[in-house]
Amino acid sequence: MLTKNESLAELGPQRAVGHGSIQVEQRHGRSRIARLFQEGCAKIRMPRVTCDPFEAILINTAGGLTGGDRLNWTVRACEDTSAVITTQACERIYRSPESAAVVETRLTAEKGTHLAWLPQETILFDRSALSRRLEVDMDGSATVLLVEAVVFGRQAMGEIVTETRFHDRWRIRVDGRPIHAEDFRLGPDLGAQLGRAAIAGGQRALATVLLAGPEAGRPLDAARAIVGKDGAVSTWQVGGVDKLLARLHAPDSYGLRKRIVPLLRLLNGQSLPKVWSI
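Residues numbered from 1 in each chain as written. Predicted model: local features only at pLDDT ≥ 70, side-chain atom pairs only at ≥ 80, totals over all residues. Heavy atoms only, no water.

Draft legend 1. Representation of the overall build of the chain. In terms of regular secondary structure, the chain is built from 4 helices and 17 strands. What you see for the chain is a C-alpha radius of gyration of 19 Å, in line with the 19 Å of a compact globule of 278 residues. Across its three principal directions, the C-alpha atoms of the chain cover 60 × 45 × 35 Å. Buried residues in the chain amount to 47% of all 278 residues. When the accessible surface of the chain is summed, it comes to about 13500 Å², and 50% of that surface belongs to carbon and sulfur atoms. The average position of the 37 basic charges and that of the 31 acidic charges among the side chains of the chain differ by 2 Å. (Helix = DSSP H or I, 4+ residues; strand = E, 2+ residues; numbered from the N terminus. Rg over C-alpha atoms; globule rule 2.2 N^0.38 Å. Buried < 20%, exposed > 50% of the residue type's maximum accessible area, 1.4 Å probe, protein only. Areas by Shrake-Rupley, 256 points an atom, 1.4 Å probe, with all protein chains shown as cover. Lys, Arg positive; Asp, Glu negative; His and termini not counted. Charge placed at Lys NZ, Arg CZ, Asp CG, Glu CD.)

Given below as structure tokens:
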């Protein structure tokens, strides 16, 4: 409650803060929820499924993020489990005059697990700012599929994004050893950067897909056929661990989805959650 001499302006703007955590264990022949924690604007819902993989849907009840907002997600897939984690809808990053919105995700995949991190696209609006961090610790026998897609404005709505600040940081470790690290930064002059051929060639929707684990390079030819000329797919080994990495770009989110959906189906070896339906 405000005191006599206080005002809402003096207290500053309200910020969205959320933390969601989930742990999946093998019980009675299936992957099942073992622990669940949710706080603030972070909510987790689990669709009813009759067999593996276990599914969880992450929800930001704030409806989007702006400067000073923070989201933290933690997922642990215990031994011999299979889990697919996605989001209810595209995350929206709104105009941020000062600090950036922060989203941090930590994934743990134990022995023999298959963990798929499949959030829907993040949409950045003009003058937005986002700092996103993804940390993955996996066992050498585990398989992890990761996707992060970002769309700069909605073409169908006539939105043009010329200025933004975007930082995407990935760190993936197998048995404590780093096998993948990248820091992708754009902004503040987004319009000029996206026009460069080495970045996006004028396209407004970008995605990175990574598959790491035993025989991750096997679907290389099929993945290249799906990605086509608007992107690239490569495979290699780091410390004896197979990796398949795909980069995709498209004029808008719909064009990107037309290739991401079949690519994720191929790499995940099964259908995607219903929320991913085009």
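Draft legend 2. Broad picture of the sheet that holds strand 8 (residues 101-109). A sheet is described by the order of its strands in space; here 7 strands give the open sequence 2-1-5-8-11-13-14, paired in mixed fashion. Taken across any chain shown, the strands that pair with only one partner, and hence form the sheet edges, are strand 2 (30-40) and strand 14 (177-186). Across the sheet, the mean angle separating the axes of adjacent strands is 10° when strand polarity is ignored. Summarising the sheet, strand 11 (residues 128-138) and strand 13 (residues 164-174) pair through 11 bridges and their orientation is parallel. Within the sheet, the bridge partner assigned to Ser-128 lies in strand 13 and is Thr-164. (Pairing = 2+ DSSP bridges. Axes fitted to C-alpha atoms, helices over the stretch in contact; angles between N-to-C directions.)

Draft legend 3. A look at the side chain of Glu-148. Within the fold, Glu-148 resides in strand 12 (residues 143-152). Looking at Glu-148, its side chain comes within polar contact range of the side chain of Trp-117, at 3.1 Å. Engagement of the side chain of Glu-148 in a polar contact is seen with the side chain of Arg-132, the distance being 3.2 Å. The contact partners of Glu-148, leaving out residues within four places of it in the chain, are Trp-117, Pro-119, Arg-132, Asp-168, Trp-170, Leu-206, Ala-207 and Thr-208. (Polar contact = N/O pair within 3.5 Å; in protein donor to acceptor, adjacent residues only side chain to side chain. Contact = heavy atoms within 4.5 Å.)

Draft legend 4. Summary view of the nonpolar core. In this structure, Leu-115, Leu-146 and Phe-152 are the most contacted members of the largest nonpolar core, which totals 48 residues. Once you skip the residues sitting within four places of it in the chain, Leu-115 turns out to touch Val-75, Ala-77, Ala-83, Ile-85, Leu-107, Thr-108, Ala-109, Thr-143, Val-144 and Leu-145. Residues Val-84, Val-147, Ala-205 and Leu-272 belong to the second largest nonpolar core, which totals 30 residues. (Core = buried A, V, L, I, M, F, W, Y, C linked by side-chain atoms within 4.5 Å.)

Draft legend 5. Representation of the pairing of strand 14. Of the pairings in the sheet, the one linking strand 13 to strand 14 comprises 9 bridges and is antiparallel in character. Its bridge partner lying in strand 14, Arg-173 is registered against Pro-178. In this antiparallel pair of consecutive strands, strand 13 and strand 14, the connection spans 2 residues, and Asp-175 shows a positive phi of 50°.

Draft legend 6. Structural context of the side chain of Arg-171. Within the secondary structure, Arg-171 is located in strand 13. At a separation of 3.3 Å, a polar atom in the side chain of Arg-171 contacts the main-chain carbonyl oxygen of Glu-182. Excluding its chain neighbours within four sequence positions, the residues that come into contact with Arg-171 are Leu-134, Glu-135, Val-136, His-180, Ala-181, Glu-182 and Asp-183.

Draft legend 7. Looking closely at helix 4 (residues 253-268). With 16 residues, helix 4 extends 21 Å from end C-alpha to end C-alpha; this agrees with the ideal 22 Å at 1.5 Å per step. Taken together, the buried positions of helix 4 are occupied by Gly-255, Leu-256, Arg-257, Arg-259, Ile-260, Val-261, Leu-263, Leu-264, Leu-267 and Asn-268. Residues of helix 4 that are buried sit in contact with strand 6 (82-87), strand 9 (114-118), strand 12, strand 15 (205-212), helix 3 (220-227) and strand 17 (241-250). For helix 4, the capping residue at the N-terminal end is Asp-252, with a side-chain oxygen 3.3 Å from the backbone nitrogen of Tyr-254. Looking one or two residues past helix 4, Gly-269 carries a phi angle of roughly 75°, positive in sign. (Expected span 1.5 Å × (residues − 1).)

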